[in-house]
Amino acid sequence: MQSTNRWTVTAIVFAAFAVAIVLTLGDMRLASSQTVTLVAKQTEATVPLDDPFDGVWDSANPIEAPLSGQLIVQPKGGVDRTVTARALHDNDRLYVLLEWQDDTEDVLVSHQTEFTDAAAVQFPVSEGESVPSFCMGDPTAPVNVWQWKGAWQSDIDQGFVGIQDANPNIAVDTYPFEDEEVFYPARSVGNAYAATDRTTPVDNLLAGSFGTLTQADDQIVDGSGEWRDGSWRALFARDLDVGEEYSRFTVNESTNIAFAVWDGAENERNGTKSVSQFLTLSLSDEIAKGGGGIETWQIALIAIAVAAVTGVLALRGWQRSKQQQ
Amino acid sequence: MIGTAVSRPAAASRRLAPLDSLAAGLRPLTITLIAAVLAETLLLRIVVRVGVHVPKHSVLTGLFETASTLGSLAFNFASVLALVLLTLVLTFVIANKRSRAFSPLIALLSAGLFLGLFLTLVTDTPEADALFGVSAALLAITILIVATRTGDLTPAVAVALGLMVAAYLSYEYYTLSYVFYRILDYAAIPPLSLDALRFGEAMAMVAAGAVFFAWGLPRWGLIGRAGGAVVAVTILALTAAGLSPVSTMAILALWTTGVSLFLPFPIYLLALALFLLTLVACFRDRNASWIAAGLLLVLLAGYMAESTYQHLLFLLGIVLLSGIVKEEDTPPASQPQEPRTL
């Protein structure tokens, strides 16, 4: 390579490296995300927290996110699933709705072999250029997790299922000191799983890598879930800004969101779940209107046309080049 | 100059001198880019993600953060170089008389690509994403069509290229369909979007086999024991990772190659083995170094190109694999030379 070419190449490489240093020091990336975006538009209607099937959700823009089994850390599990996500906001609260197929409604955890259906959404706690590990975040990028549990929903809707209710044929003479808290140690120390008087079926959690999931001090996420005709819908709702300890949402800004689903009938719990990668959640000031769409046959027609034109042009070009040879 | 070597007037050679200079720099720039992409993949996409398994205390936390910072530096360096190289290569394609009929279209799509990239960085609007994505998709199709006109593609190579582009277009449909639905404000799910995503991933696995058939099998004897051992160790390590309690396999799949592992795991192992064997064979063939570079860039771009940077790597890889751009020494007017294939 001639010396002038060598200097040109060297100059390009050094200039590129200098630009890279400036970008890195400014915590910027010379790349833009090209993932699917869940857009939370503004709704002027009321979003009922006790009805995930309310018609207000017909105005939201849905996305389908593929979920894969959690194969990164023990206990591994989960299967390939699809979750449909929708989001709305009313300038005060963010509402996220998840929908997924599940043949059975599993909401009892009264026996050791029973596990509840559940769903969760995960956000980075703080904004940054690096997306946290979707394995419950990492020490440099903690995550805020909202987990809805079918068992907690059942506790609210139908009341706490005690031993007597779960085992109707059990024989008990008497429970001494039945009303003294000291004999309910889990409940008396505030174990969330032992609570009988729930106000929300959604657990607000924080994590800084797997194995560090902790219930947050503030249970500020509301919501509900309902199973209907072979599918669940789980609704999450929280104020947009609740302080720096938790994820903050601002209209006309974006953050990241990931999803997880558990099927109690498949003994899924803890790390045995189906998870998605982080997608983009964008809060828009546009008003949600609903409607529109393209038919499947139209898309198929376009795809066939593109493939046909490409194939014909390629084949003709190949034949022409062979003839010229 | 880039193009067919023929005897031509000295004045024409002088007019093309700037392109000659850039053409001569293509090889070292590509080598530098590949080194940067490998560093980014190792420090950002692999080490940082695998590092979540490591218990954090003072020394390891510091190493973890250092790897993350260096990985970000490598990412930005690779991004800038990818941009520069793609600009260069597309300029050569436009100036190449082999692709003259499509030069205006390629120029238009290139302009759309770079404008879309600039707008996504500055405005982050769906319209910018659409411009970038559509330009990238149409560029990939155009490069494929132009490649068939060069006369150098064997049917096996054409099929391999076609499958790679088809897998890319399937992923593009998944993301772009949502972008356009967002622009058109359609409150519905684009039809067949998830099916296209899964189909594209399956096609990517088939493409690995086609790559081996097109470029690896003819060079089977060049792989050698060392090359075979490297590939075997890699596959065994991934298999062990998948079976072990601490699974790095899924991390590598999801973040490095961008596949969701929805097919049976042995299919991914077989596809990766065939692809790596082809890479080794092409690297060992001095006449196929550009094919190796193109394959490596396509592999590191991954199937789910979640950032604009990965799209640029894929397009660069496809252009290098297509054989459209041919490198040759600038000949004096009286001494025509044979073109040397990249």
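In this report, we go over the structure that sits alongside the text. (Residues numbered from 1 in each chain as written. Chains lettered and ligands numbered in written order. Predicted model: local features only at pLDDT ≥ 70, side-chain atom pairs only at ≥ 80, totals over all residues. Heavy atoms only, no water.)

## A look at the overall build of chain A
Then step 1. When its secondary structure is counted, chain A shows five helices and 13 strands.
Then step 2. On C-alpha atoms alone, chain A measures out to a radius of gyration of 26 Å, which is more than a quarter above the 20 Å that the 2.2 N^0.38 rule sets for 325 residues.
Then step 3. Relative to its 325 residues, chain A shows a buried fraction of 47%.
Then step 4. Once local pairs closer than 6 in sequence are excluded, the contacts in chain A between residues at least 24 apart make up 68%.
Then step 5. For chain A, the centre of its 20 positive side-chain charges and the centre of its 46 negative side-chain charges are spaced 16 Å apart. (Helix = DSSP H or I, 4+ residues; strand = E, 2+ residues; numbered from the N terminus. Rg over C-alpha atoms; globule rule 2.2 N^0.38 Å. Buried < 20%, exposed > 50% of the residue type's maximum accessible area, 1.4 Å probe, protein only. Contact = heavy atoms within 4.5 Å. Lys, Arg positive; Asp, Glu negative; His and termini not counted. Charge placed at Lys NZ, Arg CZ, Asp CG, Glu CD.)

## Some remarks on the overall build of chain B
Then step 1. Across its full length, chain B carries 13 helices and zero strands.
Then step 2. Look at the contacts in chain B between residues 6 or more apart in sequence, and 73% of them connect residues 24 or more apart.
Then step 3. On chain B, roughly 13,100 Å² of surface is accessible, and the fraction owed to carbon and sulfur atoms is 72%. (Areas by Shrake-Rupley, 256 points an atom, 1.4 Å probe, with all protein chains shown as cover.)

## Comments concerning the interface of chain A and chain B
Then step 1. Each partner contributes to the interface: chain A provides 75 residues, whereas chain B provides 77 residues.
Then step 2. Summed over both partners, the interface of chain A with chain B comes to about 6,400 Å²; 64% of that surface belongs to carbon and sulfur atoms.
Then step 3. It is L30, Q34 and Q277 of chain A that lose the most area in chain A upon contact with chain B, and together they represent 11% of the buried surface on that side.
Then step 4. The tally of links between chain A and chain B comes to two salt bridges.
Then step 5. Note that K41 of chain A and D185 of chain B form a salt bridge whose closest N and O atoms lie 2.2 Å from each other.
Then step 6. Remark: the boundary between chain A and chain B carries ten residue pairs in polar contact (both at pLDDT 80 or more).
Then step 7. Examining the composition of the side of chain A that touches chain B, we find that twelve residues originate from one element, helix α1 (residues 3-25) of chain A, more than from any other. (Buried area = accessible area lost by both parts, 1.4 Å probe. Salt bridge = Lys/Arg side-chain N within 4 Å of Asp/Glu carboxyl O. Polar contact = N/O pair within 3.5 Å; in protein donor to acceptor, adjacent residues only side chain to side chain.)

## Structural notes on helix α7 (residues 155-183) of chain B
Residues and elements named next belong to chain B.
Then step 1. Given a rise of 1.5 Å per residue, 29 residues ought to cover 42 Å, and the 40 Å separating the end C-alpha atoms of α7 matches this to within 8%.
Then step 2. At Y173, α7 shows its largest bend, some 25 degrees.
Then step 3. Just downstream of α7 lies D185, where phi reads positive at about 60 degrees. (Expected span 1.5 Å × (residues − 1). Bend = angle between axes of the 7 residues up to and from the residue.)

## A look at the pairing of strand β2 (residues 63-69) of chain A
Residues and elements named next belong to chain A.
Then step 1. Within β2, seven of the seven residues are buried, which leaves it mostly tucked inside the rest of the structure.
Then step 2. Two strands pair when backbone bridges link them, and β2 and strand β3 (residues 81-89) are joined in this way by five bridges, in the antiparallel orientation. Bridging across to β3, A65 finds its partner in V83.
Then step 3. With two bridges joining them, β2 and strand β12 (residues 274-275) adopt antiparallel strand pairing. Across the sheet, residue S68 finds its bridge partner in β12, namely V275. (Pairing = 2+ DSSP bridges.)

## Remarks on the environment of P191 of chain B
Then step 1. Along the chain, P191 of chain B falls in the loop between α7 and α8 (193-216).
Then step 2. Residue P191 of chain B is classed as buried on the basis of its relative accessible area of 9%.
Then step 3. Separated by 46 residues in sequence, P191 of chain B and A237 of chain B have C-alpha atoms that sit 39 Å apart.
Then step 4. Contacts of P191 of chain B, omitting those with residues within four sequence positions, involve I294, E295, T296 and I299 of chain A together with Y173 and Y181 of chain B.

## Overview of unusual backbone geometry
Then step 1. Phi at N252 of chain A takes a positive value of approximately 70 degrees, unusual for a residue other than glycine.
Then step 2. Mapping N252 of chain A onto the fold places it in the loop between β10 (231-239) and β11 (254-262).

## Some remarks on the side chain of S274 of chain A
Residue and element names in this part refer to chain A.
Then step 1. As for its position among the elements, S274 is in strand β12.
Then step 2. Polar side-chain contacts of S274 include one of 2.7 Å to the backbone oxygen of V79.
Then step 3. Polar side-chain contacts of S274 include one of 2.6 Å to the side chain of R81.
Then step 4. When residues no more than four places from it in sequence are discounted, the contact partners of S274 are L67, S68, G69, G78, V79, R81, F259, A260 and V261.

## Re the pattern of salt bridges
Then step 1. Summed over all chains, the structure comprises 13 salt bridges over all chains.
Then step 2. Put simply, E286 of chain A and K41 of chain A hold a salt bridge, and the shortest N to O gap is 3.3 Å. One end of the pair, E286 of chain A, is in strand β13 (residues 279-287); the other, K41 of chain A, is in strand β1 (residues 37-42), with 245 residues separating them in the sequence.
Then step 3. Its salt-bridge partner being R198 of chain A, residue D155 of chain A comes within 2.9 Å of it at the nearest N-O pair. Of this pair, D155 of chain A sits in helix α2 (residues 150-158) while R198 of chain A sits in the loop between α4 (185-188) and β7 (202-207), placing them 43 residues apart in sequence.
Then step 4. Since its relative accessible area comes to 14%, D155 of chain A is described here as buried.
Then step 5. On the accessibility criterion, R198 of chain A (16% relative accessible area) is buried.
Then step 6. Here the salt bridges do not stand alone but share partners, grouping K41, E286 and K289 of chain A together with D185 of chain B into one network.

## Quick notes on the side chain of S68 of chain A
Then step 1. Along the chain, the position of S68 of chain A falls in strand β2.
Then step 2. We classify S68 of chain A as buried; its relative accessible area is 9%.
Then step 3. Contact partners of S68 of chain A, with chain neighbours within four places excluded, come to V79, D80, K273, S274 and V275 of chain A together with S260 of chain B.

## What to know about helix α5 (residues 103-122) of chain B
Residues and elements named next belong to chain B.
Then step 1. Over its 20 residues, α5 extends 28 Å from the first C-alpha to the last, a length consistent with the 28 Å expected when each residue adds 1.5 Å.
Then step 2. Those residues of α5 that fall on the buried side of the exposure criterion are S103, I106, L109, S110, G112, L113, G116, L117 and T120.
Then step 3. Directly beyond the C-terminal end of α5, a positive phi value near 55 degrees is found at D124.

## Focus: the packing of aromatic side chains
Residue and element names in this part refer to chain A.
Then step 1. All chains considered together, the criterion is met by 14 aromatic pairs over all chains.
Then step 2. Ring centres of W146 and F249 lie 5.9 Å apart, and the angle between their planes is 80 degrees; on these two criteria the pair is classed as edge-to-face. Of this pair, W146 sits in strand β6 (residues 143-149) while F249 sits in the loop between β10 and β11, placing them 103 residues apart in sequence. You'll find W146 and F249 in the same group, each marked buried. (Phe/Tyr/Trp six-rings, centres within 6.5 Å; stacked < 30°, edge-to-face > 60°.)

## Examining the nonpolar core
Then step 1. The biggest cluster of nonpolar side chains holds 141 residues, and the ones touching the most others in it are L98, F259 and L281 of chain A together with L33 and W215 of chain B.
Then step 2. Excluding residues that lie within four positions of it along the chain, L33 of chain B makes contacts with A78, L81, A82, L85, L297, L313 and L316 of chain B.
Then step 3. Counting residues in each nonpolar core, the second largest holds twelve residues, with A118, A120, A207 and F278 of chain A among its members. (Core = buried A, V, L, I, M, F, W, Y, C linked by side-chain atoms within 4.5 Å.)

## Brief notes about the environment of A101 of chain B
Residue and element names in this part refer to chain B.
Then step 1. Following the sequence through the fold, A101 ends up in the loop between α4 (58-95) and α5.
Then step 2. By relative accessible area, which is 65% here, A101 ends up exposed.
Then step 3. Between the alpha carbons of A101 and T142 there is a distance of 11 Å; along the sequence they are 41 residues apart.

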